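Close look at the chain arrangement
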Amino acid sequence: MPARIWALAVKEFLAILRDKKSRFVLIGPPLIQLLVFGYAATFDLHHIPYAVYNRDPGFASRELLGDFQGSRAFRRVATLTRDGQIAPLIDREKALLVLQIGPRFTEDLLRHRPAPVQVIIDGRDSNTATIALDYVNSILLAFDARWARDHHWGRPPTQLVTRAWFNPNLRSRWFIVPGIVALLTLVVTLLVTGLSVAREREQGTFDQLLVTPMTPWEILAGKALPGILVGAVEGTFITLMAVFWFGVPFLGSVLALAVGMLLFLLAAVGVGLMISSLSTTQQQGLLGVFLFLVPAIILSGFATPIANMPAAVRVLTYANPLRYFLVIVRGAFLEGDGLRALGSQYWPLAIIAGLSMTAAAWLFRRRLR
Amino acid sequence: MVAETTLTSPLRLEGVRKRFQRGKESVLALDGLDLDLAPGQVTGLLGPDGAGKTTLLRLAAGLLRPSEGRVFLFGREGGAEDKDLQVRIGYMPQRFGLYEDLTVQENLDLYSDLQGLDPEQARHRQDELLTLTALGPFGKRRAGALSGGMKQKLGLACALLRAPPLLLLDEPTVGVDPIARRELWEIVQGLRAAGTTVLMSTAYFDEAERCDSLVLLHQGRLLRQGSPERFTEPLRGRCYRVRHADERRRALRESLQQRPGVRDARIVADGVRVLTGPEPVTPEAGERWEPMPPTFEDAFVDLLGSGGAGSVATASAASPVSVGDAAAETVVEVKELRKCFGRYEAVKSSTFTVRRGEIFGLLGANGAGKTTTFRMLCGLLPPSGGSLRVAGVDMRRAGSTARARLGYVAQKFALYGNLSVDQNLAFFAAAYDLGGPARRAAMARAREEFQLAPYGAVNADDLPLGIKQRLALACALLHEPTILFLDEPTSGVDPLTRREFWQRINALAAQGVTVLITTHFMDEAEYCDRLVLMSRGAVLAQGSPTELRTLAQSPDRPDPSMEEAFIQLIEAHESPLRQAS
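Here the structure is a predicted model, which is why all the values come from computation and not from measurement.

**Details of the overall build of chain B**
Along the backbone of chain B there are 20 helices and 22 strands. Taking 581 residues into account, the globule formula puts the C-alpha radius of gyration at 25 Å, and chain B, at 25 Å, falls close to it. Principal-axis analysis of the C-alpha atoms gives chain B an extent of 75 × 60 × 60 Å. Split into buried and exposed, the 581 residues of chain B put 48% on the buried side.

Next up, the structure:
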C-alpha cells in the first residue's frame, strides 16, 4: 500500500516537473507576486500631492506651510489664488487634498483666538483619505504644540503619547509581507492540487486509476503528498525571503510556524482536491480554484480586519483556513508566539483538513458519469 | 462555374514537400507529392497513420503552405489569401469546430455569417442542407447534445453552406456508427451527382471501394493512384475463403497465417479470408478453399504488408482455467442491469453472460449504452438496478484484490501524456502492486511483446496513435489480468494497426483471458465469439456472429454482411422511436 501511494506521488511530481509550463507556474508567478506585494502593496503614503490656497498674508501661515513642505509625506503640486481653482484640481486627481488657510489666520493666532484651517480632501478612496487626514492632523498638532510653547500659551492639559507594540513604526510592510507567506502558499497549493484530479478526468486517466487496486484514500494520499511538499517548499522560501530580504523580524518559534504550515497545507490540499473532484475539466477546476480563492482572501483578514465585517460574514470566515494561518504567521513573526499561544488556531485547521479530505475521497467515487 | 470545373483540375500538387518541426526533430510529412484530382469525382485518400493524409488536406485547404513545390487550386496558385479561391473550397477537419452550446440552427447561422452569405441566400441553403442531412427536426437542439453521427452531419452541413465545387473531408466517418456512416455516405453521393469534387480521407475499406478514384499514401509519398479496380485487379486469383470442418476460425486463422506463401489471413463471415503470394498454396486436409474476388483491403495489405509481421508473441497472461470450480465457466454475469442518469435511461434491463476465454463484443450505435455498461462492469459507475458479477464479485463493492484481476483500456487510450513510455509502464506496474523484480520483469516483457523499447524515453503524447494503443494495452496487461475490458480500442486507428491489435487479442483469448470489447467496426465483430447488439440502452440481440447475421436474413438479402445485419436490426428496432422523436 505505501508503494502504491509512493508510485502515485512520484507520478504526480513527474507530471508537474516534466511540463515546462507547469514548472514555470510554480516558480514564476509566486516570485512576481512576492515582489509586487512586498514592494507595491503598502498602506503607507508618500508624496501626497496637495495644493495650497493661502489667503493669509501673515508669518504663521508660512510657518505652517513650511512644516508641510518639510515633510516627506507631502508634495506640493499647486499654489492657488482663487476659490474656483480648487474643484478642478480635486476632480482631475491632480491633488489629493487642498489646504485653505483663512485671511485672518496669523491675526487670530496672535489674538489667542481659534484659527481654523480647512482641508478639502478627495474621499473617493476612503482608506487613503483617512490616512492622509491623519498625517495632516499630526502636522497641525505638532504646529499647535510648537506655537503654544514659543508664544507662551502654556502647555495643553492632556497630552497623547502613543507607542505601537509589535510594530513600533507602524510599517505596513511588516503587516503585509507575513500575510504573503500565507497567501502564496495557498495559491500554489490550490493550483497544484485543484487541477490534478480534473486533469486526469479530462484525459480519461482517472478511470484507469480507479480500476487499479488503489483505494480512494490511497489516491487521496498520493495526490496530497506533492501538493503538501510543493506548498511547504514555497512557503519556506517566502518565509526566508520575508526575513532576510524584506527584513521583517521573526520573533516567535519556528516550530510553531512549521506545525501551523503543515496543518494549513493539509487543509488547503483538502480544499484543492475537493474542488478538483467536483470538476470534470481543468477549466472548471481552475475556475473553482479562483472562485474559492478570491473570497478566501477577502474574508481572511489579509487586508481588512475580520472584526470590521458584519456578523453574518464573520461566521463565514470560520470556515476559511487562511484566516487561522494568517494569525499563526503574524503571531510567529511579530508577536513571538509559540506552540501554546497558537493552539486555538491549530485545531480549526485540523478540522477543516479532516473534513475536506474526507469529502474529496468520497467525491472521487461518487462524481462519476 | 460547373463548366469551368470540368475543364481544369480542382486540385493539383507538384512536387510538394512539407516539413514540420517537432521538438528538435524535423519531420517530413509529405515527401515530393505529385497529385492531380479529376473534377466531379469522389476521391478516397488512404494510408496508415502518419502517411500525410491530414497534411495533404490542410495544404489543399490553404491552411498550410508547402515547404517546397506548388499547390494549384482550379488551375491557380492562390493559398489562403485568395478570397476568390477560398469560397470555392469546403473543408471539414477531423473534429469540426461546432459550437457545442449553440443550437443546430445557431451553428448554421453563425457559419453562414462567417462565410458572408446574405441572409436570404443563407436561409434557402440551410433549408436544403437540413433536408439533406435530415437534421431538420433537431434545429433547436444544442450541438453538444447531438450524437456523434449527427455532429458529423452538422459539421458537413456547415462546410457545405457555400455549395463549394471542391470539398475536402478529413475522416468524416471516424467514431460514427454504421447507420450514421451510411447517411453521411449518401450525402457525399448526392454531392457527386451535383458535380462537386470530393477528396476524403477514410479508414474504412468499404468506403474506399465506393469511391471513383483512390489515392494511397505511405510515408508522405504517393504509393498508387487510380480506380478501386486498378488496385484490386492484379490480385485476381490470389484471394480465397477458407473453411474447415472442425477447427474454429481463430485457430484456423493462426495456422493459415503461419503458412508459407500466405500473405494475409483474416477472419470474415463463415471462414477465413486468405491472400496468397503469386504462387498458389496447397490446401491442407479438411480445408475448403474457395476463390473470391479481390477487395481493396487485400490490395492495401498487399501493398503495405499486414502490420505486425504475422506473428505477435504474447506470453502466458493468465493461469489455465482452474478445473473443478463450477462457477469457473461463467466469468461475467449481468442480469437486468439498469442505469439511469436523472430521467434518462442509458441502460435498460440488459442481461448477458460471458464465459472464460471468450472474446465478447458489445456492438451498438452511438449512445446505445455500451460504454455505460462497461463502466458499470468495471465498478466505475453504480448500477440503478439489476445485478452484475465479474469473476464472481460485484465490482462496485469489490476490494482492491478483485480489481487487480481485471484490465481496462478506456476510450481514447488514457495515458499520462507528459510521462514517458517507461514512466507510464512503471507507474501502472506499481499501481498494480508489482514491486522489485516482478515489476522489472513485467516491464521488460511489455517492452518486448509490444515492441515499445525504441520509445522508452518518448512522452506518451508524442507517440503515433498506433503506438499509443499498444502502450495502453501494455499498461492494462502488466499485471496479467484474467479479464480484459476494451472500450473502442480501435477507433481512429489505421487498418494495419487494427489487424495487429486483433492478433494480440486472439493470442490473449487463446491463453484463457476473457476479453470484452466494444467497437464500431463491423468487420471486427467477426473476431468475437459472441456478441451483444445494443440499441438505446437495451439488448437487441445476442449470439455468435453467424446467429446475428441469420437474424437479419431476408428473401432479397440471403447472405447479409455484419454491417447490413447491424443496420437492419437497429433500424427495425429504432424506426418507430426515430419517428416518434
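**Quick word on the packing of helix α7 (residues 172-194) of chain A against helix α11 (residues 254-278) of chain A**
Residue and element names in this part refer to chain A. Relative orientation of the contacting elements α7 and α11 amounts to 40 degrees, with a least axis distance of 8 Å. Judged on the interaxial angle alone, α11 and α7 are oblique. Both α7 and α11 take part in a crossing whose hand is right-handed. Contacts between α7 and α11 involve Thr185, Leu186, Thr189, Leu190, Thr193 and Gly194 on the former and, on the latter, Phe264, Leu265, Ala268, Val269, Val271, Gly272, Leu273, Ile275 and Ser276. Its residues assigned to classes, the contact of α7 with α11 shows 9 nonpolar, 6 polar and no charged.

**So, the domain arrangement of chain A**
Along its sequence, chain A is carved into domain 1 (2-41 + 171-366) and domain 2 (48-150). Each of domain 1 of chain A and domain 2 of chain A has a C-alpha centre, and these two points are 47 Å apart.

**Some words on the sheet that holds strand β16 (residues 359-364) of chain B**
All names here are of chain B. Sheet architecture is open: 6 strands sit in the order β18-β19-β20-β16-β21-β22, paired in mixed fashion. If you trace the sheet from one side to the other, it starts and ends with β18 (406-409) and β22 (538-543), each paired once. Pairwise comparison of adjacent strand axes, ignoring direction, gives a mean angle of 15 degrees for this sheet. Where strand β21 (residues 530-535) and β22 come together, 5 bridges link them in antiparallel fashion. Bridging from a neighbouring strand, Val532 pairs with Gln542 of β22. Strands in contact with helix α16 (residues 465-477) are β18 and β19 (483-487); relative to β18, the strand with the most contacts, it is inclined by about 160 degrees.

Here is what the cut-offs are and how they apply
Residues numbered from 1 in each chain as written. Chains lettered and ligands numbered in written order. Predicted model: local features only at pLDDT ≥ 70, side-chain atom pairs only at ≥ 80, totals over all residues. Helix = DSSP H or I, 4+ residues; strand = E, 2+ residues; numbered from the N terminus. Rg over C-alpha atoms; globule rule 2.2 N^0.38 Å. Buried ≥ 20, exposed ≤ 12 C-beta atoms within 10 Å, placed from the backbone. Axes fitted to C-alpha atoms, helices over the stretch in contact; angles between N-to-C directions. Parallel < 35°, antiparallel > 145°, perpendicular 65-115°, else oblique. Left-handed = near helix turned anticlockwise from the far one by under 90°. Contact = placed C-beta atoms within 7 Å. Nonpolar A, V, L, I, M, F, W, Y, C, P; charged D, E, K, R; others polar. Domains from an automatic or database assignment. Pairing = 2+ DSSP bridges.

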